[in-house]
Every structure is written in structure tokens, then in C-alpha cells.
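Fold and contact review
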Amino acid sequence: MTESTPPSRRTVVTALGAAAFVALPAWPETALAADGTAAAAANGPVLDTHPATEPSGTHVREIGGTNVVFQYGAVLPSFDGRRTHEPTREYLSLDRKWRFRFDAADQGLDEGWQLPHHDDRAWGLIDVPAAWDLLDTPGFGSQTAPFGKGTAFADGYAWYRTTVDVPASWRARHVRIAFLAAGYSAEVWLDGTHLGKHEGANSPFALPVSGALRPGHRQTIAVRVFRRASYTDYTAATAQPVTDDHELPYKPVDHWPYAGLTRSAWIEAVPQVTIAKLLVTAANGRLEAHAVVENHGARDFDGRLTLDPGHGTGARPTGVAARIAARSAGVVRVSLRVPDAPRWSPASPHTLTARATLTAGRASGARGDTLSTVYGMRELTIAGAQLRLNGKPLFLKGLNWHEETAAHGRAMTPAEYDRELGHVTAVGANFIRNCVYNRHPYVYDWADEHGVLVMDDIDTMWLNTAQEQLQTERYGLARALALTMAWNQHNHPSVILWGLQNESEIDGDGAPVYRAWLADLKAAVNAVDLTARPVTWASNTSNDPAFDLADVIGFNEYFGYFYGKDADLGPTLDAVHAKYPDKPILITENGTWAVAGTHGAATTQGTEEWQAASFTAHWEQVTARSAFVAGFTYWVLKDYKERAGYNQDYNGISVMGLLTFAEERPKLVYDAFRKAAVPGGE
């Protein structure tokens, strides 16, 4: 929300005995560029091209009772390699300076900028990871700098190029290029071979490169990144919004759409028979592991998979047979008791590390591949209109937050994450909502380690009915983002809620389009989440006609600011509870604004006193109803950047945070939030 706009805003062998196999889906070694027309109206903003359905080929296949997510003809792999550096794998970091050039006229493809011998010596340089917004925009984080100047407002296409020396030893390996994020979309070439296109600014992706790989040679990686303009002009009062029905979000929203390769990238070489993903569930003293194994080789694999549940569990490694047909994917399941495993909770965030090891041959065999994952033992349930963790009522004292700093935009450093997320624990919050996109994997790891609960979100913000129907019936990008969210964050004990959308349009006559869209997204996360986490969303109304589909009712409310009075919240909560007596309620947003340093009466809008008093009024009404209200999520941790149409007098900075944007200086509401007591529970 923003203070200036009203809220619109195969082969399977399991330990249990089941067996089946699924061949790896076909994916062309040389993919074609997306269909469509790139140009908008003459001299207007460029729009990206779109195929008939989302371009990654994201889909689910059931393998021996386990649903597996595929992209680009392969299992969507674990991205933990950036942290674990498995001993059976080789990694080549792409975090470095790349050659960089804007392509405002969309001429790069025709001129061969993707080809290995293209002369890029005159190009500029850019760090990866980085947001090109910060490449040359002086005063980006200042409230007094002029708005509409610099590379922060460069839209359309831009190109990245780098070279890598591919080890000769990779001839017998399966190799993929992994990107943790590319905003908004990216197409990737290796020595001129088009590997694929990814859409979605905040979800990681991995492209198999075997068809284009030349081990023992130097090869060129080229990436063309696209960002749609938000408005036809960033300074004119008559500027019009730029929309694209296929993109998510499809129109300008009230947070900054950082562009470029904003998170880390690397090349990963794994064995031909490899553990692509390790899904685990841990509850009630038992560990269930589903190891998704790919065989990219020409021969059937006959060996064993051993699961080590980790130190402190009271259990020893357990091995089971694993038979994976050539060119197939399978799931190997292991179930074992872990009697000494400590429970995970915000008060005691005990994490454990499980490791799966694949060995060839029926005996001990040579180690083929390993994959480890962090997990936590915890039980999450809903009972009596309460959210319960390990059998105890849970009340969420939460903060919304945007992943950005004035210095690096969305390409935050570990030190910046630690400093910013440190404010979450400093004010006694036990919950963050990742509004409204997936975060860097560092954030989920941090939350696991610090006992902070997470509601994860995707980029489905402010959709209209037409876009909801397009996503459900044809394009499927919203579904793909929901699938990958649940797949990528599956093992994190801190993640307790899946968020499906934010303030999207509700059609009339029973809302058939809206309901079908939400049902589709809910089915997607439920299909791959073995732990059955509750599903919710941030509705723009407390009278949402699809609340019967939600496990936890979530809505944004701005009583006393955009509409009504502060005191209206309590009766509203009572009315929702009366209609849905068995469902917990979560306030997914509430807040007001204050310009730091502006003081006055608590009844005067824009003062720090008013912002603090408004929070306290809402908090008191929520906590008085903790028997059926699961929590309250304040908008927002820190002031944040917005594009044209919002707060241009402050250089596009929304001032709704507990902290200022660049300096991260606390306002009065920071201390009010810190002093707010959590009613019982964790």
C-alpha cells in the first residue's frame, strides 16, 4: 500500500516398495526464441514477446506417488549448491563483472549480440549480481534528489556477456547454469545456442546446457534481460501506465521493479546420475525424505541411496535400493524415526541437516552424488480457529518488508540482510511476510536460524479479472510461480504460510473467475507441499467471497487512514469470525505514514505521533481477539522506493516504514511496535 493511492491494490524405487518410471521430458537442444511482436505503438514503450504459455515449460509429473516439478526438460533442481558446494559437484561462479549494454532500439538480436565472436570491447561493465537501476542514478536513496533521472528509469532490453573456461573433465557431467533472479525476464545463450527463456523477476531458474557445452574450450554466455516500462513518461503529469496482460504484475505497482541479474549466478556440473532435489518432512519424531533422482546417462542405474538424518537426531544413516532407468527421473523414499531430534520453534530454532548419498552398485559402491538440506522438526496445525505450532497457540507479530537497500537495490549483500533483518528481531517480531515476491535464499536460511516465521508470496499483485482468467486458462505463469515457490522453499521450517495473491480484483455474481484462479494456485502449492502448509492471501476486503477456500483468512485493512475509523477494526474482525468460526484470521497489512522528523498531535496525519498511535489502536483490537486472530502484520518495516505516480515529492520514496529508507533511522512507531506485547503462545 501507499499513502497517496487508495487500496486497489522415470524410475521410482521407494523404501515403501512402490515402483514406476517417467522418462525425462523433451527439451530442444536449440530452443527457438519466443513468438510475438516486440514493439508497442510507434515510438511507444517496448513490450516483451510471449509464447503461448509461460516459457519455462513448468509442469508437475507424478512419480510413484510424489509430484515433481519440471522446467526446461529437467527436474527443477535444488539451489542450495550456492551454499553447500557438494563434494561430488563442481561449481563455477558467475558473480563477477560482465560486459553490459542497453538495447533501447531492440537491435541486439539482429546484430548478433548473442554470438560468441561479437565484438563487445566497447561495451560497459556491470557487476553480477547488481540492479542496473543503481548503475548511474545519483541520489537514488535520497528523499530530496530529482525524480525520473538515471539508469533507474532505463527500460526495455539490456544485454550481459561473459566468457568461461569449461573444464575438459565436464564431458561426462550434467551441466546447468543457475540464476537466482533476473528481473523481469531473461533469455540465455551459450556460444550462440539459445538455452531458454525465464519469466518472473524473483524466482530462481536453472538451464541445462549439455547440448551447447564444449568441455575444454572457452565459451561465451549471453543474457538478454527485459524490463517493461511502468509509465510512458516518469515526470509528465499526463503519463500513462504501460501494461502487459501476460506479465506478473501486469501493470505498475507500488514497489520498485529492479532490473538486471539481481542475484547470484553460477554453473554447476553434477554426475550424470544426480540427486536433483531432496524433499523432507519432519514431524512427530519421524523424518520422511523423497529424493528426486535424474539419470541423464544412456545406461540404467542400479545402486543405493543412503539418507543420513544428521547429528543430534538419534538415528543412523539408512540405505535403500535405487534403480533409475536411462534418461529417466525417479523418486527414492526413505522413512525413519529420529527419536532425539529437537523441535524447531521461534523460541528454540533448532535446525538439522540431512544428507542423501547416491552410490553405484549393490554393495557400498563408489559415491556418485550427494545432496544435503537443512530442515526442522515441527508440527503446524489449525484447531479451534487458532494457528498452532507444536501444539501451542501461535500469535504472529509480523512485518511486511521489501527486499532492497538504497546502496544496492534488490541485489543486497549478506551484511545488508543481516543488518536489515536484525531490526525484525530487535522489535520482537516473530513473523515476516515476503510481500509480494520470493526472496533470496539467504532470507529463508536466516529465518530458519533465527526462529522467524515466514509467509511467502508470489508476484500476483493487483491483477484484474481478465488477467486472472488468462493465467488460469492459458498462460499459466501464476501457477508456475506458485509451484516453484512451494518446491524451492519446501524444507524450510520457518515457512508456515503460502500467500497466493495481493489485492486482486474480484468479479461479481459469485466471483467465478477469481475463485477458479485461487483454486488453481492453491491446488498448485498443495500438489508439491508434502507438509500441507496452510494457504492464505492478502485480500483487499474483509468480505472476500473466496474465503471459504483459504485455510487462514488474510486481508489488508486501513481503517482510520483510507476509510472509516481506527475503531472499526474490532467489529470487522468479529463479523468475519462469525461467518468463518473455524478459520484463523490474519491481518496481512495495516499501517499509516509519517515523514521522519515531522512531529505534532497524534491526530494529525503525517506526524510520527499519528503513525505510532494508529498502530497501537489496531494492535490492541487485534490482540484482544487472539482466540481467533492469528496475528497482525505491519506495513512496513522500512520506507521503500516506488516509481511514477507515487510520492514524487520524496523521490518516489514511500514513508510508511518503521525505519527510513536510506539511513534506516527508526521513527516513533519503531519503539511502539517494539513495546507491543504478544498475547501468549510462541
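Predicted, not measured: the structure shown is a model, and the values here were computed from it.

With that settled, the discussion passes to the overall build of the protein. Each helix and strand in the protein was counted, giving 9 helices and 36 strands. Relative to the 2.2 N^0.38 estimate, which gives 26 Å for 682 residues, the radius of gyration of the protein is 25 Å and therefore close to what a compact globule would have. Across its three principal axes, the protein shows a C-alpha extent of roughly 75 × 60 × 50 Å. Averaged over its 61 positive side-chain charges, the protein has a centre that lies 7 Å from the centre of its 76 negative ones.

Excluding glycine, most residues fall at negative phi; most peptide bonds, likewise, are trans. Of note, the amide linkage connecting Leu248 to Pro249 takes the cis form, showing an omega dihedral of -10°. Within the secondary structure layout, Pro249 lies in the loop between strand S15 (218-227) and strand S16 (265-271). Note that the residue after Trp635, namely Val636, is joined by a cis bond; omega there is 15°. Take Val636: it is sitting in the loop between strand S34 (629-634) and strand S35 (640-641). Of note, Asp191 is a non-glycine position whose phi angle comes to about 50°, a positive value. Within the secondary structure layout, Asp191 lies in the loop between strand S12 (185-190) and strand S13 (193-199). Despite not being glycine, Glu503 has its phi angle at roughly 50°, a positive value. Along the chain, the position of Glu503 falls in the loop between strand S30 (495-502) and helix H6 (512-528). We classify Glu503 as buried; its relative accessible area is 2%.

On to the packing of helix H5 (residues 477-488) against H6, then. Packing of H5 against H6 brings their axes to within 8 Å, and their N-to-C directions diverge by 30°. When the axes of H5 and H6 are compared, the pair comes out roughly parallel. Viewed along their axes, H5 and H6 form a crossing whose handedness is right-handed. Counted together, Ala478, Arg479, Ala482, Leu483, Met485, Ala486 and Trp487 of H5 and Trp517, Asp520, Leu521, Ala524, Val525 and Val528 of H6 form the full contact between these two elements. Its residues assigned to classes, the contact of H5 with H6 shows 11 nonpolar, no polar and 2 charged.

Moving on, we get to the nonpolar core. With 93 residues, the main nonpolar core has Leu399, Val424, Trp487, Trp537, Leu573, Phe615 and Leu658 as its most contacted residues. Sequence-distant contacts of Val424, that is, excluding residues within four places in its chain, are made with Leu399, Ala429, Ile432, Trp446, Val452 and Leu637. Counting 36 residues, the second-largest nonpolar core is a separate cluster that includes Leu94, Leu195, Ala212 and Ile221.

So, on to the side chain of Gln71. In this fold, Gln71 is placed in strand S5 (residues 66-71). In this structure, Gln71 is in contact with Ser56, Gly57, Thr58, Leu76, Phe205 and Thr484, ignoring residues within four places of it in sequence.

Attention shifts here to the packing of aromatic side chains. Scanning the entire structure with this criterion turns up 33 aromatic pairs. On the numbers, 5.3 Å between centres and 90° between planes, the contact of Phe140 with Trp256 is edge-to-face. One end of the pair, Phe140, is in the loop between strand S9 (124-128) and strand S10 (156-165); the other, Trp256, is in the loop between S15 and S16, and 116 residues separate them in sequence. Trp256 sits in the buried class, given a relative accessible area of 1%. Ring centres of Trp256 and Tyr258 lie 6.4 Å apart, and the angle between their planes is 45°; on these two criteria the pair is classed as tilted.

Turning next to the sheet that holds S5. Pairing in this open sheet of 3 strands is antiparallel, and the strands run S4-S5-S6 from one edge to the other. Unpaired on one side and paired on the other, strand S4 (59-63) and strand S6 (74-75) mark the two borders of the sheet. Across 2 bridges, the pairing between S5 and S6 is antiparallel. Among the inter-strand pairings, Phe70 is bridged to a residue of S6, identified as Val75. Packed onto the sheet, H5 meets S4, S5 and S6 and runs at close to 115° relative to S5.

All right, on to the side chain of Asp244 then. Tracing the backbone through its elements, the reader meets Asp244 in the loop between S15 and S16. Of the side chains with opposite charge, Arg228 lies nearest to the buried Asp244, which makes no salt bridge, at 5.8 Å. There is a polar contact of 2.8 Å between the side chain of Asp244 and the side chain of His50.

To continue, consider the pattern of salt bridges. Taken as a whole and judged by the stated rule, the model has 37 salt bridges. Its salt-bridge partner being Arg625, residue Asp574 comes within 2.8 Å of it at the nearest N-O pair. Of the two residues, Asp574 is situated in helix H7 (residues 569-579) and Arg625 in the loop between helix H8 (608-623) and S34; the sequence distance between them amounts to 51 residues. Of the residues examined, Asp574 reaches a relative accessible area of 35% and is grouped as partly exposed. Across the pair Lys638 and Glu664 runs a salt bridge, and its minimum N-O distance is 3.4 Å. Taken together, the residues Lys638 in the loop between S34 and S35 and Glu664 in the loop between strand S36 (653-654) and helix H9 (668-675) connect sequence positions 26 residues apart.

Read from one edge to the other, the open sheet built from 4 strands follows the order S20-S19-S22-S23, with strand pairing classed as antiparallel. Strands with a single pairing partner mark the edges of an open sheet, and in this sheet they are strand S20 (318-324) and strand S23 (367-375). Taken pair by pair, the neighbouring strands of this sheet meet at an average axis angle of 20°, ignoring direction. Of the pairings in the sheet, the one linking strand S22 (residues 352-360) to S23 comprises 8 bridges and is antiparallel in character. Its bridge partner lying in S23, Leu358 is registered against Asp369.

The next point concerns the pairing of S22. One ladder, built from 6 bridges, connects strand S19 (residues 301-308) with S22; its direction is antiparallel. Each residue of the ladder has a partner; that of Gly303, found in S22, is Ala360.

Turning to H8, a few remarks are in order. A rise of 1.5 Å per residue sets the reference length of H8, with its 16 residues, at 22 Å; its end C-alpha atoms lie 23 Å apart and thus fit the reference within 8%. Every buried residue of H8 is accounted for by Glu608, Trp610, Gln611, Ala612, Ser614, Phe615, His618, Trp619, Gln621, Val622 and Thr623. Packing partners of the buried residues in H8 comprise strand S27 (396-400), H7, strand S33 (585-590), S34 and H9.

A separate point is the environment of Ser78. Relative to the helices and strands, Ser78 is located in the loop between S6 and helix H1 (81-84). Take Ser78: its relative accessible area is 7%, and that puts it in the buried class. Measuring from C-alpha to C-alpha, the distance between Ser78 and Thr373 comes to 9.1 Å, with 295 residues separating the pair along the chain. A polar atom in the side chain of Ser78 sits 3.1 Å from the backbone nitrogen of Asp80.

The rules behind each value
Counting restarts for each chain, with residues numbered from 1 along the sequence as it is written. Only residues with pLDDT of at least 70 are given local features in this predicted model, and only at 80 or more are side-chain atom pairs given and counted; all residues enter the totals for whole chains, interfaces and linings. Hydrogens and waters are ignored; side-chain quantities use all the structure's heavy atoms. For helices the rule is a DSSP run of H or I covering at least 4 residues; for strands it is a run of E covering at least 2, with both sets numbered from the N terminus onward. Here the globule rule reads 2.2 Å times residues to the power 0.38, and the radius of gyration is calculated from C-alpha atoms. Counted as positive: Lys and Arg. Counted as negative: Asp and Glu, with His and the chain ends omitted from the count. For the purpose of locating charges, the reference atoms are NZ of Lys, CZ of Arg, CG of Asp and CD of Glu. Partly exposed describes any residue whose relative accessible area lies between the buried limit of under 20% and the exposed limit of over 50%, with all areas from a 1.4 Å probe on protein chains only and scaled to the type maximum. Here, axes are lines fitted to C-alpha atoms. For helices the fit covers the stretch in contact, and angles between N-to-C directions go from 0 to 180 degrees. An angle below 35 degrees is treated as roughly parallel, one above 145 as roughly antiparallel, one from 65 to 115 as roughly perpendicular, and anything else as oblique. Definitions for this section: a left-handed crossing has its near helix turned counterclockwise from the far helix by less than a right angle. A right-handed crossing has that turn clockwise. Any two residues having at least one pair of non-hydrogen atoms within 4.5 Å are treated as being in contact. Under the scheme applied, nonpolar residues are Ala, Val, Leu, Ile, Met, Phe, Trp, Tyr, Cys and Pro; charged residues are Asp, Glu, Lys and Arg; polar residues are all the others, including Gly. To form a nonpolar core, buried Ala, Val, Leu, Ile, Met, Phe, Trp, Tyr and Cys residues must be joined to one another through side-chain atoms within 4.5 Å. Whether two aromatic rings pair depends on their centres lying within 6.5 Å, for rings of Phe, Tyr and Trp, where Trp uses its six-membered ring; planes under 30 degrees apart make the pair stacked, over 60 edge-to-face, and the rest tilted. By definition, two strands form a pair when at least two bridges between them are found by DSSP. Salt bridges are identified by distance alone: a Lys or Arg side-chain nitrogen within 4 Å of an Asp or Glu carboxyl oxygen. For the purposes of these results, a polar contact is taken to be a pair of N or O atoms within 3.5 Å, where, inside protein, one atom must be able to donate a hydrogen and its partner to accept one; residues adjacent in sequence count only when each atom of the pair is a side-chain atom. For a helix, the expected span equals 1.5 Å multiplied by the residue count minus one.

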